[in-house]
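Inside the fold
What follows is each chain in one-letter form.
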Amino acid sequence: MKAAGVTGGVVGAAATGLVLGAAAQNARIARQRREADDPHEDEPLGQLRPSRECTVAADDGVPIACEEVDPEDGGSPALTVVLVHGFVLDRRCWHFQRRDLAKMIDPRVRLVLYDQRSHGRSGKATAESSTIEQLGRDLDAVLRALVPDGPIMLAGHSMGGMTIMALAEQRPELFLDRVRGVALIGTSAGDVGASGLPRPLLSRHNPATRGLGLLANWQPGLVEWTRRAGGQLTWSAIRGLAFGDRKVSPKLVDLMDTMIDGTSLAAITDFVRTLGSHNRYAALAGLRHCKVLVLSGDADRLTPFRHAEAIAAELPDAELVRADGAGHMVMLEQADLVTGHLVELVRSCADGETSGRRWWKRA
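All values reported here derive from a predicted model rather than from experimental measurement.

**Digging into the overall build of the protein**
Scanning the protein from N- to C-terminus turns up 14 helices and nine strands. Expressed as a percentage of its 363 residues, the buried residues of the protein come to 52%. In the protein, of all internal contacts separated by at least 6 residues, the share reaching a separation of at least 24 is 81%.

See below:
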């Protein structure tokens, strides 16, 4: 009891110090946000209504929250596009792509989005099942339930791209038969800790990560309160880490902040080990029968552009796109660029084209 009391006192003191020390910084950042000219001020970020919502059971029973979006004009879709989000995010991160792809008429597409396990509205997973291997099986369950037939295009951001690689490793026949195209956005095929997220942060032996995980189990309410107590400081850190431009729309940072805040600390620590051990360069061979887009920002601090180059080196027919000045959240920060390339990929998949020569595009 004495040790627990001391620990609680230390954490409480740290939280109090954080709040008091952050006051002036909070005020400064809040003032900057009020004065910013936000181009997305009237955009209903994360508030678009789906055509249908449902829950798909993963193979271990974890409920996966999904939504479907039909073509806006009511026509028949030529293929289904499945959007897979990344670590500590949820399906709302695809806001602009979801909004604009649904308007396509040449060809029309149906969209499927879902929240990864322990993210968004999906059910909480155990630490043992918080793995990229399991995420690949979850994606397979979503496809079997919601896209049982017809051509498919998959787009994954960050951990979502890793999820697609895991599926290619587990179900290579899908990529020979039904998956016509794959978009890998701001992601990596391996060695994340060697270039991008610091390896010590990804290590399960990291005392800070391990300590947060233990504390989350012991007093989850205190940990979550302490995290929220950072307020605008947390907002500023998100802007600096996730976006390349410090003048990025405050509403985009708000959306990112909301998604992160909706991810429990336990879920964050549970996925650290699988991110650090992820290595699926061999699985990329399964994508050689598809049209592949590899897109990343050259100001991405979490999965730097060299990861995109490494993927493209394994897929010589892939289209490689470098987004100048964009950070990790490139599909929010440079939404028109990302959506434009997804539209090109959709049209190529709908036309049934075979893989062509390698492209290099600098946006």
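**Focus on the nonpolar core**
Phe243, Met256 and Met329 are the most contacted members of the largest nonpolar core, which totals 50 residues. A total of eight residues in this core trace back to one element, the largest contributor, which is helix α14 (residues 335-351). Look past the residues within four positions of phenylalanine 243 in its chain and what remains in contact with it is Ile238, Val248, Leu252, Val253, Met256, Arg301, Gly327, Met329, Leu332 and Glu333. Judged by nonpolar contacts, the second largest core, of 40 residues, contains Ala58, Leu139, Ile164 and Ile311.

**Let's talk about the state of the cysteines**
Scanning the model with the defined rule gives zero disulfides in all. Unpaired in terms of disulfides, cysteine 290 finds its nearest cysteine sulfur in cysteine 349, a separation of 8.0 Å. You can call cysteine 290 buried: its relative accessible area is 4%. Cysteine 349 sits in the buried class, given a relative accessible area of 2%.

**Here's the deal with the packing of aromatic side chains**
A complete count under the given rule lists one aromatic pair for this structure. A cation over an aromatic ring shows up here: arginine 322 above the ring of phenylalanine 305, its NZ or CZ 4.8 Å from the ring centre.

**Quick look at the environment of cysteine 54**
Within the secondary structure layout, cysteine 54 lies in strand β1 (residues 52-57). Residues cysteine 54 and cysteine 66, spaced twelve residues apart in sequence, show a C-alpha to C-alpha distance of 5.4 Å. Aside from chain neighbours lying at most four places away, what touches cysteine 54 is Ile64, Ala65, Cys66 and Leu146.

**Observations concerning the side chain of histidine 328**
Of note, histidine 328 is situated in the loop between β8 (319-323) and α13 (330-333). Residue classification places histidine 328 among the buried residues on the basis of a relative accessible area of 5%. Among the polar contacts listed, one links the side chain of histidine 328 to the side chain of serine 158, at a separation of 3.0 Å. Excluding anything up to four places from it in sequence, histidine 328 contacts His157, Ser158, Gly186, Ala242, Asp300, Leu302 and Thr303.

**So, unusual backbone geometry**
Cis geometry marks the peptide bond from aspartate 106 to proline 107; its omega dihedral reads 0°. Phi is positive for serine 158, close to 55°, though the residue is something other than glycine. Take serine 158: it is sitting in the loop between β5 (152-157) and α4 (159-170). Take serine 158: its relative accessible area is 9%, and that puts it in the buried class.

**Comments concerning the confidence of the model for the protein**
Segments scoring low in pLDDT should not have their predicted coordinates read at a detailed level. With 75% of its residues at a pLDDT of 70 or more, the protein shows a mean pLDDT of 83. Low confidence marks residues 1-21, where pLDDT is under 50. Its contacts with residues over four positions away, or in another chain, come to 13 contacts. Residue range residues 353-363 is modelled with pLDDT below 50. Its contacts to residues more than four positions away, or to other chains, number 35 contacts.

Calculation criteria
- Residues numbered from 1 in each chain as written.
- Predicted model: local features only at pLDDT ≥ 70, side-chain atom pairs only at ≥ 80, totals over all residues.
- Heavy atoms only, no water.
- Helix = DSSP H or I, 4+ residues; strand = E, 2+ residues; numbered from the N terminus.
- Buried < 20%, exposed > 50% of the residue type's maximum accessible area, 1.4 Å probe, protein only.
- Contact = heavy atoms within 4.5 Å.
- Core = buried A, V, L, I, M, F, W, Y, C linked by side-chain atoms within 4.5 Å.
- Disulfide = S-S within 2.5 Å.
- Phe/Tyr/Trp six-rings, centres within 6.5 Å; stacked < 30°, edge-to-face > 60°.
- Lys NZ or Arg CZ within 6 Å of the ring centre and 35° of its normal.
- Polar contact = N/O pair within 3.5 Å; in protein donor to acceptor, adjacent residues only side chain to side chain.
- pLDDT = per-residue confidence, 0-100.

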